[in-house]
Amino acid sequence: MDKRMTVDEAVAEVADGMTIGIGGWGSRRKPMAFVRALVRKGVKDLTVVSYGGPDIGILCATGQLKKAVYGFVSLDSIPLEPHFRKARQNGALEAVELDEGMFLLGLRAAAQRLPFLPTRAGLGSDVLKINPHLRTVKSPYEDGEELVAVPALNVDVAFIHMNRADASGNGQALGRDPYFDNLFCMAAKKAYMSCEKIVSTDELVSGGPLQSLLINRMMVSGVVEAPGGAHFTECLPDYPRDEKLQREYAATAKDDNAWNAFRAKYLDVTEADYQNAVSP
Amino acid sequence: MSRDQATRADVCALAIAECFRDDGEIMVSAMGTSPSLGARLAKSTFEPDLLMTDGFNLLLRRALPLGTAPSDQDVEGWMPFGAVFDTLWWGRRHVMMGASQIDRFGNQNIACIGRWEQPKAQLLGVRGAPGNTINHVTSYWVPNHNVRALVAKVDMVSGVGYDRAAALGPKTSRFHEIRRVVSNLGVFDFNTPDQRMRVVSLHPGVELQQVIDNTGFELVVPDGLDTTPVPTPEQVRILRELDPQGYAQKEVVE
């Protein structure tokens, strides 16, 4: 089945109040073309589940984010996402802050259609205090150990970005870390994948080792060719992070005029105009 | 000062390296400049079996200078984030993290200052600290030892300390160990009957009163305090090789 579509067609699935899963990690291989499309669409009251980076930051800054579920929110070279920091300090954001490993187990539980997965992580820490919805579970075996039952992180729609894909939705991550994009797809009712380049299945299979084929076509409902679709985050080996634009973006958290100018230039424009604006 | 002479930063780096002594064949994750340097010193000298990454996803067979990108010949394995989580739950890991705040039992905060619901200052968030501390050995590095960092009560427990671990009971806390805290003033551990923080040694030139004045709680002070060992000329030479730009020298204030 040919699942090719545009970013805007994919984002049409998203309605106000939905829970969105966003792949990548920090400021690495984030599906930014989808994030920009969410901004253009203007959907509100979103919950985002993410190993967060500028996806969460931008949606904080545009006021579209009601709630963030995260293991961290970082720009990597800038350890704390500044727009997220601002939203938290203003009390403008509902937050579910989890240990990074708990977050992974929540994704896995959702992917496996389980209510929870158990872990030792979180016990004794204030993660349980700030998340009163978290429960513990006692091992039914002889050890009787008490563990945290990390609830499934189910999402309505997931967005991921890959290096390559074919038209039917097989996706390839050519960087050295696959992150957890396959789990985001499986935790979602529907998942959409953008990629740097759509190629034939033959080219896809010969374009890297088999273990780079992280996404199979069962996992995704739509495929979008979006060159530069992770920009300004890194999408190795296709391109590194655009540190200059990231710094410019980060600085706008301290200056509303700068943010409005950034938004007008880079977000309230079509994806093609964005790519023109950032091309060297 | 002569380049060959050991500085306070070098003393700290050696004290950090000593945290990993006898760790053997486990993964060390050292967050920040001085921890990275200290862990590399340990691997280069007395703990060659340690596994360490490039900070991303490559396991490296030798300790490279800070800021040096690995070549293919430096790689011995693959450690993407999925494998990092598996390793930390497996327990074959010793992490050294920073601490924006740490208390007498080793409860650590990197999450926020003020109420979590609406923090006065949002910091990094809990990151992996809850899972790290309950699953494997953890040490801490405090580059600026003062009463804002070493506090009576942390604003939010990210990394679990000994009182919290004890309250969980011996079964749940059996993998919990806060091995040591190294600051710019001294070395500290929790080898006391009630597992409160104790002074192990003071760095050369540091007076006990200076440490007491800069700590927001009562430290256990044993008789006959040691002085933190100063790196040998050979260790100083290795430290200069591992940190040619002197990043650690800028981090540690004398």
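Here's what I pulled together on the structure shown here. Please read these numbers as outputs of a predicted model, since none were measured by experiment.

Reading the values: rules and limits
- Residues numbered from 1 in each chain as written.
- Chains lettered and ligands numbered in written order.
- Predicted model: local features only at pLDDT ≥ 70, side-chain atom pairs only at ≥ 80, totals over all residues.
- Heavy atoms only, no water.
- Helix = DSSP H or I, 4+ residues; strand = E, 2+ residues; numbered from the N terminus.
- Rg over C-alpha atoms; globule rule 2.2 N^0.38 Å.
- Buried < 20%, exposed > 50% of the residue type's maximum accessible area, 1.4 Å probe, protein only.
- Contact = heavy atoms within 4.5 Å.
- Areas by Shrake-Rupley, 256 points an atom, 1.4 Å probe, with all protein chains shown as cover.
- Lys, Arg positive; Asp, Glu negative; His and termini not counted.
- Charge placed at Lys NZ, Arg CZ, Asp CG, Glu CD.
- Core = buried A, V, L, I, M, F, W, Y, C linked by side-chain atoms within 4.5 Å.
- Buried area = accessible area lost by both parts, 1.4 Å probe.
- Salt bridge = Lys/Arg side-chain N within 4 Å of Asp/Glu carboxyl O.
- Polar contact = N/O pair within 3.5 Å; in protein donor to acceptor, adjacent residues only side chain to side chain.

Details of the overall build of chain B
Link 1 in the chain: Across its full length, chain B holds 8 helices and 14 strands.
Link 2 in the chain: Here the C-alpha atoms of chain B give a radius of gyration of 18 Å, agreeing with the 18 Å that 2.2 N^0.38 yields for 254 residues.
Link 3 in the chain: Principal-axis analysis of the C-alpha atoms places the extent of chain B at approximately 45 × 45 × 35 Å.
Link 4 in the chain: In chain B, which comprises 254 residues, the share counted as buried stands at 56%.
Link 5 in the chain: Long-range pairs, those at least 24 residues apart, make up 66% of the contacts in chain B with a sequence separation of at least 6.
Link 6 in the chain: Summing over all exposed atoms, chain B offers an accessible surface of approximately 10800 Å²; the carbon and sulfur share of this is 50%.
Link 7 in the chain: Here chain B holds 25 positive side-chain charges and 30 negative ones, and the gap between their average locations is 5 Å.

Side note on the nonpolar core
Link 1 in the chain: Of all hydrophobic cores here, the largest spans 101 residues; its most connected members are Ile-56, Leu-65, Phe-103, Phe-159, Phe-180 and Ile-215 of chain A.
Link 2 in the chain: Counting residues per element, this core draws most heavily on helix 5 (residues 100-111) of chain A, at 8 residues.
Link 3 in the chain: Setting aside residues up to four positions removed in sequence, Ile-215 of chain A forms contacts with Ile-160, Met-162, Gly-169, Asn-170, Gly-171, Asp-181, Asn-182, Cys-185, Met-193 and Val-220 of chain A.
Link 4 in the chain: Ranked by size, the runner-up nonpolar core spans 29 residues in total, among them Leu-37, Phe-46, Met-52 and Val-187 of chain B.

Observations concerning the interface of chain B and chain A
Link 1 in the chain: Listed by partner, the interface residues are 39 residues for chain B and 42 residues for chain A.
Link 2 in the chain: Where chain B abuts chain A, roughly 3400 Å² becomes buried across the two surfaces, and 55% of that area is made up of carbon and sulfur atoms.
Link 3 in the chain: Applying the counting rule to chain B against chain A returns 3 salt bridges.
Link 4 in the chain: Where Arg-164 of chain B meets Asp-126 of chain A, a salt bridge forms, and the shortest distance between an N and an O atom there is 2.9 Å.
Link 5 in the chain: The interface formed by chain B and chain A includes 17 residue pairs in polar contact (both at pLDDT 80 or more).

Brief notes about the pattern of salt bridges
Residue and element names in this part refer to chain A.
Link 1 in the chain: In this structure the tally under the stated criterion is 28 salt bridges over all chains.
Link 2 in the chain: In this structure, Asp-76 engages Arg-28 in a salt bridge whose closest nitrogen and oxygen atoms are separated by 3.0 Å. Linking Asp-76 in the loop between strand 3 (65-73) and helix 4 (82-89) with Arg-28 in the loop between strand 1 (19-22) and helix 2 (32-41), this pair joins segments that are 48 residues apart in sequence.
Link 3 in the chain: Across the salt bridge formed by Asp-181 and Arg-29, the nearest N and O atoms sit 2.8 Å from each other. Taken as a pair, Asp-181 in helix 7 (residues 181-186) and Arg-29 in the loop between strand 1 and helix 2 lie far apart in primary sequence, 152 residues in all. Considered together, Asp-181 and Arg-29 belong to a single accessibility category, that of buried residues.
Link 4 in the chain: Here the residues in one salt-bridge network are Arg-28, Asp-76, Glu-234, Arg-241 and Glu-243, joined through shared partners.

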